[in-house]
Amino acid sequence: LWSAQIISEIGDWFYTVAVYSLLLEYTGSAKSIALAFSLQVLPQFFASPSAGVVNDRMSRRRVMMFADFARAVIVACMLLVRGPSMVPLLYALLFLETLMWALFEPGRTATIPNITEGPDVATGSALSSITWSFNFAIGSAIGGVIAAFFGRDLVFILNAASFVISGLLIRRMQYDEPHLTDLAPFRARDLLDFHPIAEGLRYVRADGKLMATMFVKSGIGFLGANWVILPVLGREAFPLHLAGLSTDQAGTMGMSLLLGARGVGAILGPLVAGYLVGRAESRLRGAIVVAFVMSGAGYLALSRINDPWSAAAAVAFAHAGTSIAWIFSTTLLQTATEDRFRGRVFSVEFGFSVLNMSIMSTAAGAMIDRGATPFDVAALTGVVMLIPAVAWIFALRLWR
């Protein structure tokens, strides 16, 4: 499962830089990036109820395999996008790829407690989340270099291949799936049966602590504007004019630097925080407040910076915070949720998180296209991160 994650996620971040640079080249609009990001995440919100039911009613291993092989075909079709007139096709493919991700991600997260035991559940969760951050840093950096020097086609080909390899690795997994015990065979019409969804909602509503923890990632979603801020800043404010690079190549490298720094921060944050905080759940919960404050402070600092390396440091600091909140909340949720409900709980959690990300990225794109600078939007984003910090402080009263 870990090997599959490494290969497929590096491929994912390979193609993100390529897609965003393509859209800025063909449209010149920040809103095009916001729309692309929304199509990469928003369908998760609408698909999450059905995706959760599928992952709780079928073999999660088979669901993940199907999603990987389908994504290989979808990404390969991006090679057909050859000019501004083909941008709608790119949007459609991003939408379909997201639907497959909506099936895959809850299954992967829900599987970790089935292949680990006791305290190793927290270790497995942390390993998975830190690996995501590592893949983001490496994929964004290398993907930007390959897109700049070898073209976007090679990026799309490598990404499609990564999904094929990931699916083959998951096929090799052998483990028990206790949620399938005594379940009737899954039928297509079960997707229209809202009883399992209602059952999942009742399960979450009955536990205020569980519900509060489930919405931590929605708080992280307030930082969703970064998906617009970083590509625009990298291309327009912090291009890397290395020897022999054209203006477009320098802009792509600037995007790659900031997105790569985001991943580096997401790696280092949980490593340092995990060493300092340990595994006590009370300390994990307290660290989430600090994590939200770090995210806001990083973007406030970014709004006042005028050189690319300092900007990269500010981005790394901010996303060290988001990664801490993400990993600690995931660990708390995995240990607090019964296995038979995990697919639905994690689907809904991801759904509300990406909904908030989509709203914030769309607002950021609209603000920049109407005259606001990306620095202005970065400052506003830093202030907005106080909202989830304060909300979580109030939520902590539930454990007193």
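Above this text is the structure in question.
Worth saying up front: this structure is predicted, and the values here are computed from it rather than measured. (Residues numbered from 1 in each chain as written. Predicted model: local features only at pLDDT ≥ 70, side-chain atom pairs only at ≥ 80, totals over all residues. Heavy atoms only, no water.)

A.B. asks: Can you walk me through the overall build of the chain in this structure?
C.D. replies: A tally of helices and strands in the chain yields 16 helices and 0 strands. A compact globule built from 400 residues should have a C-alpha radius of gyration of about 21 Å, and the chain, at 20 Å, falls within 12% of that. Dimensions of the chain, computed from C-alpha atoms along their principal axes, come out at roughly 65 × 45 × 35 Å. Restricting to contacts in the chain with at least 6 residues of sequence separation, those with at least 24 account for 85%. Entry remark: accessible area of the chain is about 16400 Å², with carbon and sulfur atoms responsible for 66%. The distance from the centre of the 29 positive side-chain charges to the centre of the 26 negative ones in the chain is 4 Å. (Helix = DSSP H or I, 4+ residues; strand = E, 2+ residues; numbered from the N terminus. Rg over C-alpha atoms; globule rule 2.2 N^0.38 Å. Contact = heavy atoms within 4.5 Å. Areas by Shrake-Rupley, 256 points an atom, 1.4 Å probe, with all protein chains shown as cover. Lys, Arg positive; Asp, Glu negative; His and termini not counted. Charge placed at Lys NZ, Arg CZ, Asp CG, Glu CD.)

A.B. asks: Whenever I open this one, the nonpolar core confuses me. Can you help?
C.D. replies: Soluble globular proteins: nonpolar side chains tend toward being buried together. Membership of the largest hydrophobic core comes to 103 residues, with the highest contact counts inside it found for Leu94, Phe292, Leu302, Phe328 and Trp392. Among the elements that take part in this core, helix 1 (residues 2-27) stands out by supplying 12 residues, more than any other. Once residues lying within four places of it in the same chain are set aside, the contact partners of Phe292 are Val216, Gly219, Ile220, Ala325, Met385, Pro388, Ala389 and Trp392. In this structure, Tyr203, Val204, Leu333 and Phe341 belong to the second largest nonpolar core, which totals 9 residues. (Core = buried A, V, L, I, M, F, W, Y, C linked by side-chain atoms within 4.5 Å. Buried < 20%, exposed > 50% of the residue type's maximum accessible area, 1.4 Å probe, protein only.)

A.B. asks: Please clarify how a nonpolar patch on the surface should be interpreted in this entry.
C.D. replies: Taken together, the side chains of Val145, Phe149, Phe150, Leu154, Ile157 and Leu158 make up a nonpolar region of the molecular surface, amounting to roughly 550 Å² of accessible area. Among the elements of the structure, helix 5 (120-150) and helix 6 (152-171) are those that each provide at least two residues to the nonpolar patch. Within the secondary structure, Phe150 is located in helix 5. A relative accessible area of 61% places Phe150 in the exposed class. (Patch = residues over 30% accessible without salt bridge, like charges linked within 9 Å, V, L, I, M, F, W, Y side chains within 5 Å. Salt bridge = Lys/Arg side-chain N within 4 Å of Asp/Glu carboxyl O.)

A.B. asks: Looking at this structure, I do not really get empty space enclosed by the protein. What am I missing?
C.D. replies: To find leftover empty space, one rolls a probe the size of a water molecule over the atoms. Overall, the coordinates contain 1 cavity of 30 Å³ or more when judged by the stated rule. Looking at the largest cavity, its volume works out to about 840 Å³. Surrounding the largest cavity, 43 residues form its lining, Trp13, Trp101, Trp132, Trp227 and Trp326 being those nearest its centre. When residues of the lining of the largest cavity are assigned to their parent elements, the largest contribution, 8 residues, is made by helix 1. Of the residues that constitute the lining of the largest cavity, the class distribution is 18 nonpolar, 17 polar and 8 charged. (1 Å grid on protein atoms, 1.4 Å probe; cavity = no way out; pocket = protein on both sides within 12 Å on 5 of 7 lines; lining within 4 Å. Points joined across faces, edges and corners; volume = space filled by probe spheres on them. Nonpolar A, V, L, I, M, F, W, Y, C, P; charged D, E, K, R; others polar.)

A.B. asks: When you look at the layout of surface pockets in this model, what are you seeing that I'm missing?
C.D. replies: Taken as a whole, the largest pocket holds about 350 Å³ of empty space. Of all the secondary structure elements, the ones that give two or more residues to the lining of the largest pocket are helix 5, helix 11 (247-277), helix 12 (281-302) and helix 13 (308-336). Among the residues forming the lining of the largest pocket, the class breakdown is 11 nonpolar, 6 polar and 2 charged.

A.B. asks: Explanation requested: the packing of aromatic side chains in the structure shown.
C.D. replies: Geometrically, a pair of aromatic rings is defined through the distance of the ring centres and the angle of the planes. For the structure on display, the rule yields 4 aromatic pairs. Measuring from ring centre to ring centre gives 6.0 Å for Phe238 and Phe375, while their planes differ by 90°; the resulting arrangement is edge-to-face. Remark: Phe375 occurs in helix 15 (residues 374-384) and Phe238 occurs in the loop between helix 10 (226-237) and helix 11; sequence separation between them is 137 residues. Owing to a relative accessible area of 3%, Phe238 belongs among the buried residues under this scheme. Assessed through its relative accessible area of 23%, Phe375 is described here as partly exposed. (Phe/Tyr/Trp six-rings, centres within 6.5 Å; stacked < 30°, edge-to-face > 60°.)

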